[in-house]
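Now for the letters of each chain:
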Amino acid sequence: MRLDKYLKVSRLIKRRTVANEACDAGRILVNDKPARASYEVKEGDIIGIDLGARSLRAKVVSVKETAGKEEAALMYQLLD
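A. Region of the structure containing the nonpolar core. If you look at the biggest cluster of nonpolar residues, it comprises 24 residues, and the most contacted ones within it are L3, Y6, L7, L12, I28, I47 and I49. Mapped onto this core, the elements with two or more residues apiece are helix 1 (3-9), helix 2 (16-24), strand 1 (28-30), strand 3 (46-51) and strand 4 (54-60). For this core, the leading source of residues is helix 1, giving four residues.

B. Up close: unusual backbone geometry. Positive phi is not limited to glycine here, since N31 has a value of about 55°. Looking at the secondary structure, you find N31 in the loop between strand 1 and strand 2 (33-34). The backbone of D32 shows a phi angle near 65°, a positive value even though the residue is not glycine. Within the secondary structure layout, D32 lies in the loop between strand 1 and strand 2.

C. Highlighting the pairing of strand 3. Relative to strand 3, strand 1 is paired through three bridges, and the arrangement is antiparallel. Across the sheet, the residue bridging to I28 is I49, located in strand 3. Bridging between strand 3 and strand 4 involves six bridges; their strand directions are antiparallel. The partner of D50 across the bridge, within strand 4, is S55. Counted along the chain from strand 3 to the antiparallel partner strand 4, the turn is two residues long, and its residue G52 has a positive phi close to 60°.

What counts, and at which threshold
- Residues numbered from 1 in each chain as written.
- Predicted model: local features only at pLDDT ≥ 70, side-chain atom pairs only at ≥ 80, totals over all residues.
- Heavy atoms only, no water.
- Core = buried A, V, L, I, M, F, W, Y, C linked by side-chain atoms within 4.5 Å.
- Buried < 20%, exposed > 50% of the residue type's maximum accessible area, 1.4 Å probe, protein only.
- Helix = DSSP H or I, 4+ residues; strand = E, 2+ residues; numbered from the N terminus.
- Pairing = 2+ DSSP bridges.

Laid out in structure tokens, this is it:
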């Protein structure tokens, strides 16, 4: 699954366009490297998000095409 879609489905970022713009601006890191929106997310990847005052790191636990509110929170594990 593409990184921008994963960020939206997992609800780490609300909208796919915002995720896409954050990737273009270099504010999304995957395994400590800047990632493009087209990056294919795999289980075990570490995603770093730096959006202004909000900064977080999350480990990808599962990759699903769709997820409800409760399922979305189980798609990743927050680190730090």
